[in-house]
4 protein chains.
Amino acid sequence: MDKKLRVGVLGASGYTGADLIRLLVCHPNAEIVLLTAERKAGQSIESVFPHLGGYGLPDLISLDDVEWPAVELDVVFCALPHATSQEVIKGLLHSVKHSILEELVAESPSSLADRIQGEVKVIDLSADFRLRNTETYGEWYGRAHQATELQTKAVYGLPELYREAVEKGALVACPGCYPTAALLALVPLLRAGLIEAEDIIIDAKSGVSGAGRSLKESNLFVEVAEAMHPYGVGHHRHMPEIEQELGVAAGKPVTISFTPHLVPMNRGELETIYVRLKDGVSADDLRAHWMDVYDLAPFVQVMEKGGMPSTRAVRGSNRCSLGVFEDRMPGRAILVSAIDNLVKGSSGQAIQNMNLMFGLDETTGLMQAPMFP
Amino acid sequence: MDKKLRVGVLGASGYTGADLIRLLVCHPNAEIVLLTAERKAGQSIESVFPHLGGYGLPDLISLDDVEWPAVELDVVFCALPHATSQEVIKGLLHSVKHSILEELVAESPSSLADRIQGEVKVIDLSADFRLRNTETYGEWYGRAHQATELQTKAVYGLPELYREAVEKGALVACPGCYPTAALLALVPLLRAGLIEAEDIIIDAKSGVSGAGRSLKESNLFVEVAEAMHPYGVGHHRHMPEIEQELGVAAGKPVTISFTPHLVPMNRGELETIYVRLKDGVSADDLRAHWMDVYDLAPFVQVMEKGGMPSTRAVRGSNRCSLGVFEDRMPGRAILVSAIDNLVKGSSGQAIQNMNLMFGLDETTGLMQAPMFP
Amino acid sequence: MDKKLRVGVLGASGYTGADLIRLLVCHPNAEIVLLTAERKAGQSIESVFPHLGGYGLPDLISLDDVEWPAVELDVVFCALPHATSQEVIKGLLHSVKHSILEELVAESPSSLADRIQGEVKVIDLSADFRLRNTETYGEWYGRAHQATELQTKAVYGLPELYREAVEKGALVACPGCYPTAALLALVPLLRAGLIEAEDIIIDAKSGVSGAGRSLKESNLFVEVAEAMHPYGVGHHRHMPEIEQELGVAAGKPVTISFTPHLVPMNRGELETIYVRLKDGVSADDLRAHWMDVYDLAPFVQVMEKGGMPSTRAVRGSNRCSLGVFEDRMPGRAILVSAIDNLVKGSSGQAIQNMNLMFGLDETTGLMQAPMFP
Amino acid sequence: MDKKLRVGVLGASGYTGADLIRLLVCHPNAEIVLLTAERKAGQSIESVFPHLGGYGLPDLISLDDVEWPAVELDVVFCALPHATSQEVIKGLLHSVKHSILEELVAESPSSLADRIQGEVKVIDLSADFRLRNTETYGEWYGRAHQATELQTKAVYGLPELYREAVEKGALVACPGCYPTAALLALVPLLRAGLIEAEDIIIDAKSGVSGAGRSLKESNLFVEVAEAMHPYGVGHHRHMPEIEQELGVAAGKPVTISFTPHLVPMNRGELETIYVRLKDGVSADDLRAHWMDVYDLAPFVQVMEKGGMPSTRAVRGSNRCSLGVFEDRMPGRAILVSAIDNLVKGSSGQAIQNMNLMFGLDETTGLMQAPMFP
């Protein structure tokens, strides 16, 4: 593919936006033609992110100032806050030609049809289109979804599990960072019936960039450095998302225990997952199954026996590193899953989805080695 | 008590030794008269630990050069590596008057009796006297114990659980840092029959000082900073120690799942503990019981409902902060326990033991506020 | 002195306030009876600073709600933002009996006199009373001083240089953190004519707590960690303060070069100072003079030849560590000065001033050993 | 260029080696065919650097086991310790065809000639070939150079200053990290006569990876984190290297003041440089000259007026960011230069040199965006 995709990034002034741009400027088949940000509209990208200067990127503009059809995007990455995301995407799809919208229009024709001008694919990095059940969304996010017709049609963008759907997808909802690390470890084991669906305990640890660039006291350097603590115990919004996908894999509703912790590092996410083995299954069997399932997955690396995933070995890359250990408690195993929360947990996975949606090789622009030190 | 205890610190050049000294120089009833270190023998303490200059401390000397009776110690803190500790303490007790030794001598009189010159109490910070079962020791530490007669008589120095025994103790074995945080949370709940003894899962996170000052690649700044990972999965030596004490509390053998993680911070240890509740028991019941049990414990702080322990709130202090949360999985609760691994997890607890052994107020010299930032 | 001083801390919810409280709760002659904070008025101190729970401290209240005479303070620490500080202190002195105010009243009697009820000493930690020249204040702080009559009478509270004035002081202005580290190194050398007053270059590095607890993007963990940069080059407000005191020491106006840098650590400040030696003077002469001048200063430690100050050796303590090295450029020396910005650079020094103002031993409550690790 | 260069990395188990590999695996015109390491010989690269697994790299072997002509290298990166480097390179050049060697052989024909089998270019990352004066080398490195005939012929590999020589080079000595940041700032200004060659003061700050992966107490996490300090004051080995190149630029011997500091971060180097301006020259003139000189330099970014270089904006990239500020002291300016010590300060610059030596575009494989967060 010689042509470069015309790419827009909505919400480009946050850390997710920054990492999208970092990866896209080196992507051989992408060209960033639109960057939006509200509070920092009018600024150059280097004034917001000095490390992104020198790539000839467009200035940040307000969403309101985007001339939608004229900008002729092939794909939009939507890195906006949840709730905002759904409204923007809904509006966007009414402004440009979009296959989902066409379908909707076909279902209920309206005067909007004539406003469709081009075709654009949407990759959403917010939480807005991850939950297929609109009631669950309302329950966890405290408000009714404003684009339920889209919510139920969006593809859950975890390519290792839903490659074909992603390839055909027009609106792809990228998984949360915690769900990504958890699902890559658990889904194949549940699908294969190697572990019990009950009593799955996920102890998660994340670097601070996962909390975003918002001005909260709890994100200040001094509050975070030289310390750690859990947060959101029992009510973190990634729980229903994990349960949704584990339920699909297990073929029945799954309730998990999930506790995230904040760790004094910029990037990186590690989950230690405690599971019960089905009778006769060993930790070695889990590893063997992972190796089989992920044999051709370019971004999932299953450690040899004894090998220990670490966030340092995936830093800055789109990798997920998986390890499994026998527990001392009989009939149990301990899974360890490590990703970079901003890459495989967010921006890198979004680009992996883009590659698949446009028929590119899945690894295009994503083969940088992790950065250690 | 006006008289100052004459104190010796064996193994004063490590981080545990440093924190013992940090606390002892401000202790109103203690005077450091002996500091030993092997590789750094002959150096001043400020050349090894510049922050400890200015307190008129003795130079470091080799253990071989200690003139045991002449130094007239009241108490020895033994911050030596395990295996070394047992041999040194055994030898020490043969050189000075010691109540355990007297008892042993009474049991099997020998020529050693006439070498007894004074009385010294021993507080060991190594792992050598924590396990009462000598076979378990051999199994986990890969060698037979060399002072089994002492091993079985040592007091397990967790004052909140064994206050009376500590007060009468002559040889006190300070718990490991991970066991301290785990046992303070779990033992009262098991004793009271509020939680099941099965399926206890301890996910532990520690700062790097817990790994000591030894020259290992894995302790280098660059290897640790901006990263995290589990270690010792399924075979960490604190496991049998935790299981020993949980077994006593539960009245039956207990097998736990325990996974420690290394976190890029100097100090601090946090354990997230997943437990099953007995029928009819709620998370609130656990909290209420803790509050009852620890009502008079000066160093254990039970958080109000919703309150979250963090290592930053105990940094540099002898505190343990406990919190409990309902799990989303029915019938389960999540306990959170935070300590400073070098203080309540090691040196502070050792001094707390000293206070009790010598009839001082338990809090003497230990009431510094935690240091945040 | 058996009686405890009744102490108030205005602006208790910032890092400076937190460190004042941390030190005061262990001070044998102080009792905190008043804590104010505006945005967090009504909260308990443990809800704002969990590490300070358990000391029986009063809740935070708004300044407006303080019943000034009734609270019967002996001393007020004012840890408010500059500009606010001057107005609050001015108002405060009109509400309570104060020696400076009495003097002012004597100069221009007014109806305020009858409102004077008690005596309170004021220790200000803001920048408001550090500059004696009211025009300089206006120039650097962008507004006219609102309490010029107090500004010119305040004592500059660097006890090592102004001990006698501090002892008699009623309103003491604590130096900034950068000036403290710079002046302790430079003033004795200038006074003794050992270095030139020209071409003094101060390259300063500070931990992040120096930037306070305010919600600025540049203070977020992710912006600071794994990075460093200079700031305020050529226009940092500590410059005129340093120049004021160097000018006094040199007996003529002094202009310095001063460049601060932000370093990814919570606490600690280090200045590397490049000076020209007077003819015939060596680096060793500087060290010898320091040792002479600071022989009896309990908090200033002059390193032996070759010894290197480090922030880790002063962390959490009221110490200043000084070292001096020959420069390779002939006729030059390199001074290194390290403090904890929150202690000797702020709260500890404030308490040192309090001790002197009330005839206590200078070191009371300030002899904790530095915390390393 | 379609053909891939056959590349060897000697000393592949250190941080410099790791970063060479990280960059080379994504270089479109390079193929790593040889990796050596002594202590870790026989291991796979992923066992030494887990983040570098998955690229099909050869295992680490000992230098002694390299079959030199057979391996058919086009270029060797030598990331060995100094002193070792010179001996290895000398030996290497006697084993393979090399233009410098040919020249030497031509000068003094010997039996070595017939051992020349192929052509290999050498890029040395040690300090061994940076100093042209063999006596200076001996003085600063404490031993006579063992390959003086090569030392005097090596090209100093700072491409922005010596592009043509590098293009023709057969043995290129990559500058040290501190010299790189210093020289990119200073050399153009000295060449143009805009600043004085006297009184140049360089205050340098570096992340910990600059200290290498060796097991020294001072490199342990706990010693470094939450602290900073200067080191090597007055005798750091990068001083003669900087002075050598400044002397060339100034046309006369230059003596500098240079003080490095260790900062608690993995990567990044920042130098704050204090200079005296020539009469009539302003800080703005310096900036304008930099912009002119570096207009076409792809890796040097001169900040607009007021723009502040930060290590975060160059992290992981081959960039050097330059800024200049007026000093408050008349006639002076403050230069700020930031690089990633492992990239532009070492491995990236080495690859930049390789690109030039083989006629590739200078930026090939080096255009990754910096990684922030």
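Note on numbering: residues in each chain are counted from 1, in written sequence order. Both sets of labels track the order of writing: A upward for chains, 1 upward for ligands. Since the coordinates come from a predicted model, pLDDT governs what is reported: local features require at least 70, and pairs of side-chain atoms require 80 or more to be given and counted, while whole-chain, interface and lining totals use all residues. Side-chain descriptors were evaluated using all non-hydrogen atoms of the structure, hydrogens and water having been removed beforehand.

- The name that an unreviewed UniProt entry assigns to chain A is N-acetyl-gamma-glutamyl-phosphate reductase, with the source organism given as Gimibacter soli.
- Database annotation for chain A, UniProt heading Subcellular location (unreviewed entry): "Cytoplasm".
- What UniProt records for chain A under Catalytic activity (unreviewed entry) is the sentence "N-acetyl-L-glutamate 5-semialdehyde + phosphate + NADP(+) = N-acetyl-L-glutamyl 5-phosphate + NADPH + H(+)". UniProt positions are given in the numbering used here, feature names are shortened, and annotations may be inferred rather than shown by experiment.

Topic: the overall build of chain A
Moving on, step 1. Secondary structure is summarised from DSSP: a helix means a run of H or I of at least four residues, a strand means a run of E of at least two, and numbering begins at the N terminus for each. The helix and strand tally for chain A stands at 13 helices and 14 strands.
Moving on, step 2. Against the globule reference of 21 Å for 373 residues, chain A gives a C-alpha radius of gyration of 20 Å, in line with a compact fold.
Moving on, step 3. Counting only C-alpha atoms, chain A reaches 65 × 50 × 40 Å along its principal axes.
Moving on, step 4. Within chain A, the proportion of its 373 residues that are buried is 66%.
Moving on, step 5. Total accessible area computed for chain A in this model is approximately 12000 Å², and 48% of it derives from carbon and sulfur atoms.
Moving on, step 6. Taken together, the 33 basic and 48 acidic charged side chains of chain A have centroids lying 3 Å from each other. Each radius of gyration reported is based on C-alpha atoms, and the globular scaling rule is 2.2 Å times the count of residues to the power 0.38. Per-residue accessibility, obtained with a 1.4 Å probe over protein chains only, is compared with the maximum for each type, and a residue is labelled buried under 20%, exposed over 50%, and partly exposed between these values. Note that accessible areas follow from Shrake-Rupley with a 1.4 Å probe, and for residues the cover is restricted to the protein chains shown. A positive count includes Lys and Arg, and a negative count includes Asp and Glu. His and the chain ends are not counted in either. Each charge is placed at NZ for Lys, CZ for Arg, CG for Asp and CD for Glu.

A look at the interface of chain A and chain B
Moving on, step 1. The contact criterion used throughout is that any non-hydrogen atoms of two residues lie within 4.5 Å. Contacts between the two partners involve 49 residues from chain A, matched on the other side by 49 residues from chain B.
Moving on, step 2. In this description, buried area is defined as the sum, over both parts, of the accessible area (probe of 1.4 Å) that is lost when the two are combined. Here chain A meets chain B over a buried area of about 4100 Å², counting both sides, of which 60% is carbon and sulfur.
Moving on, step 3. Within this document, salt bridges are pairs made up of a side-chain nitrogen of Lys or Arg and a carboxyl oxygen of Asp or Glu, the two lying within 4 Å of each other. Across the contact surface, chain A and chain B share six salt bridges.
Moving on, step 4. Two residues, Arg332 of chain A and Asp199 of chain B, come together in a salt bridge whose shortest N-O distance is 3.8 Å.

Points about the sheet that holds strand S6 (residues 155–156) of chain C
All names here are of chain C.
Moving on, step 1. DSSP calls a pair of strands paired once it identifies at least 2 bridges connecting them. Strand order in this open sheet of seven strands is S3-S2-S1-S4-S5-S7-S6, and the pairing throughout is parallel. Each end of this open sheet is capped by a strand with a single partner; those strands are strand S3 (60–61) and S6.
Moving on, step 2. Sheet topology note: the strand S2 (residues 30–36)/S3 ladder contains two bridges and is parallel. When the bridges of S3 are listed, Thr36 appears paired with Ile61.

Quick notes on the sheet that holds strand S2 (residues 30–36) of chain A
Residue and element names in this part refer to chain A.
Moving on, step 1. In space, the seven strands of this open sheet follow the order S3-S2-S1-S4-S5-S7-S6, with parallel pairing throughout. Each edge of the open sheet carries a strand with a single partner, namely strand S3 (60–61) and strand S6 (155–156).
Moving on, step 2. Pairing analysis gives four bridges linking strand S1 (residues 5–10) to strand S4 (residues 75–78), with the strands arranged parallel. If you follow Val7 over to S4, its bridge partner there is Val75.

Brief notes about the packing of helix H9 (residues 177–191) of chain A against helix H13 (residues 343–357) of chain A
Residue and element names in this part refer to chain A.
Moving on, step 1. Every axis corresponds to a line fitted to the C-alpha atoms, with the helix fit spanning only the stretch in contact, and the corresponding angles, defined between N-to-C directions, vary from 0 to 180 degrees. Two numbers describe how H9 lies on H13: the axes approach to 8 Å, and their chain directions differ by 95°. Between H9 and H13, the angle is such that the two are roughly perpendicular. Contacts between H9 and H13 involve Cys177, Thr180 and Leu184 from the former and Lys344, Gly345 and Gln349 from the latter.
Moving on, step 2. Amino acids outside the nonpolar list (Ala, Val, Leu, Ile, Met, Phe, Trp, Tyr, Cys, Pro) and the charged list (Asp, Glu, Lys, Arg) are all regarded as polar, and Gly is one of them. A breakdown of the residues in the contact of H9 with H13 according to their chemical character gives two nonpolar, three polar and one charged. An angle below 35 degrees is read as roughly parallel, one above 145 as roughly antiparallel, one from 65 to 115 as roughly perpendicular, and any other as oblique.

Section: the packing of helix H9 (residues 177–191) of chain B against helix H11 (residues 238–250) of chain B
All names here are of chain B.
Moving on, step 1. Packing of H9 against H11 leaves a shortest axis separation of 9 Å and a crossing angle of 15°. Overall, the two elements H9 and H11 adopt an arrangement that is roughly parallel. Helix-helix and strand crossings are classified by hand; for H9 and H11 the assignment is right-handed. Residues Cys177, Tyr178, Pro179, Ala182, Leu183, Leu186, Val187, Leu190 and Arg191 of H9 form the contact with H11, whose participating residues are His238, Glu241, Ile242, Glu245, Leu246, Ala249 and Ala250.
Moving on, step 2. Looking at the contact of H9 with H11, its residues break down into 12 nonpolar, one polar and three charged. Crossings are assigned a handedness: left-handed for a near helix turned anticlockwise from the far helix by less than a right angle, right-handed for a clockwise turn.

Structural notes on the relation of the copies chain D and chain A
Moving on, step 1. The superposition of copies rests on a least-squares fit of C-alpha positions from residues with pLDDT of 70 or more in both. Of the transformation placing chain D onto chain A, the axial shift is 0.0 Å and the rotation is 180°, giving an RMSD of 0.0 Å. With respect to symmetry, the two chain copies, as superposed, fit the operation of a two-fold axis. Considering only C-alpha atoms, the part of chain D nearest the rotation axis is Glu226 of chain D, at 3.9 Å.
Moving on, step 2. Interface overlap between copies is the fraction of interface residues in one copy that are interface residues in the other; for chain D against chain A it reaches 100%, indicating a shared surface.

Points about the relation of the copies chain A and chain B
Both copies of the chain are related by a screw-like operation: a rotation about an axis and a shift along it.
Moving on, step 1. In screw terms, the move from chain A to chain B is a rotation of 180° and a rise of 0.0 Å along the axis, fitting with an RMSD of 0.0 Å.
Moving on, step 2. The overlap is high: 100% of the interface residues of chain A also sit at the interface in chain B, so the same surface is used on both sides.

Re the pairing of strand S10 (residues 257–262) of chain A
All names here are of chain A.
Moving on, step 1. Summarising burial for S10: six of the six residues are buried, a large majority.
Moving on, step 2. Pairing geometry for strand S8 (residues 201–206) and S10, over six bridges, is parallel. Counterpart to Lys205 in the pairing with S10 is His261.
Moving on, step 3. As paired strands, strand S9 (residues 229–230) and S10 are joined by two bridges and run antiparallel to one another. Among the inter-strand pairings, Pro230 is bridged to a residue of S10, identified as His261.

A word on empty space enclosed by the protein
Moving on, step 1. Lining residues are defined by having an atom within 4 Å of a point belonging to a cavity or pocket. Those points lie on a 1 Å grid over the protein atoms alone, cavities being sets where a 1.4 Å probe fits but cannot get out and pockets being open sets with protein on both sides within 12 Å along at least five of seven lines. Grid points are joined across faces, edges and corners, and a volume is the space filled by probe spheres set on the points. Tallying each qualifying case throughout the model produces six cavities of 30 Å³ or more.
Moving on, step 2. Considering only enclosed or pocket space, the largest cavity measures out at about 260 Å³ in volume.
Moving on, step 3. Forming the walls of the largest cavity are 20 residues, and the residues nearest its centre are Pro264 of chain A, Phe221 and Pro264 of chain B, Pro264 of chain C together with Pro264 of chain D.
Moving on, step 4. Taken together, the residues of the lining of the largest cavity break down into 16 nonpolar, no polar and four charged.

Focus: helix H12 (residues 283–293) of chain B
All names here are of chain B.
Moving on, step 1. Those residues of H12 that fall on the buried side of the exposure criterion are Ala283, Leu286, Arg287 and Trp290. Taken around the axis of H12, the buried residues stretch over an arc of 95°, which confines them to a single face.
Moving on, step 2. On the buried face of H12, the contacting elements are H9, strand S12 (300–302), strand S13 (320–326) and strand S14 (332–339). Arc, as used here, means the arc of the directions from the helix axis to the C-beta atoms.

Comments concerning the environment of Arg22 of chain B
Moving on, step 1. Inspection of the secondary structure assignment puts Arg22 of chain B in helix H1 (residues 15–24).
Moving on, step 2. When sequence neighbours within four positions are dropped, the list of residues in contact with Arg22 of chain B reads Leu52, Arg267, Gly316 and Val343 of chain B together with Ala369, Pro370 and Met371 of chain C.
Moving on, step 3. A polar side-chain atom of Arg22 of chain B sits 2.7 Å from a polar atom in the side chain of Asp19 of chain B. Identification of polar contacts relies on pairs of N or O atoms within 3.5 Å, with a donor-acceptor requirement for protein atoms, meaning one able to donate a hydrogen and the other able to accept it, and with residues adjacent in sequence counted only if both atoms are side-chain atoms.

Structural notes on the domain arrangement of chain A
Size of an interface: often given as the accessible area lost when the parts come together.
Residues and elements named next belong to chain A.
Moving on, step 1. Where each domain begins and ends is defined by an automated method or by a domain database. Domain boundaries assigned for chain A yield domain 1 (5–153) and domain 2 (178–341).
Moving on, step 2. Its C-alpha centre places domain 1 at a distance of 28 Å from the equivalent point of domain 2.
Moving on, step 3. Across the contact, 15 residues belong to domain 1 and 15 residues belong to domain 2.
Moving on, step 4. Three residues, Tyr15, Arg130 and Trp140, lead the burial of domain 1 against domain 2; their summed loss comes to 46% of the area buried on that side.
Moving on, step 5. Across the domain 1-domain 2 interface, the total number found is three salt bridges.

A short note on the interface of chain D and chain A
Moving on, step 1. Chain D puts 32 residues into the contact, and the matching count from chain A is 32 residues.
Moving on, step 2. For the pairing of chain D and chain A, the buried interface totals around 2500 Å² over both sides, and the portion due to carbon and sulfur atoms is 65%.
Moving on, step 3. In this assembly, chain D and chain A are joined by zero salt bridges.
Moving on, step 4. The tally of links from chain D across to chain A stands at 14 residue pairs in polar contact (both at pLDDT 80 or more).
Moving on, step 5. Per-element accounting of the side of chain D that touches chain A gives the leading share, four residues, to helix H1 (residues 15–24) of chain D.
Moving on, step 6. Along the lines of polarity and charge, the residues of the side of chain D that touches chain A split into 16 nonpolar, eight polar and eight charged.

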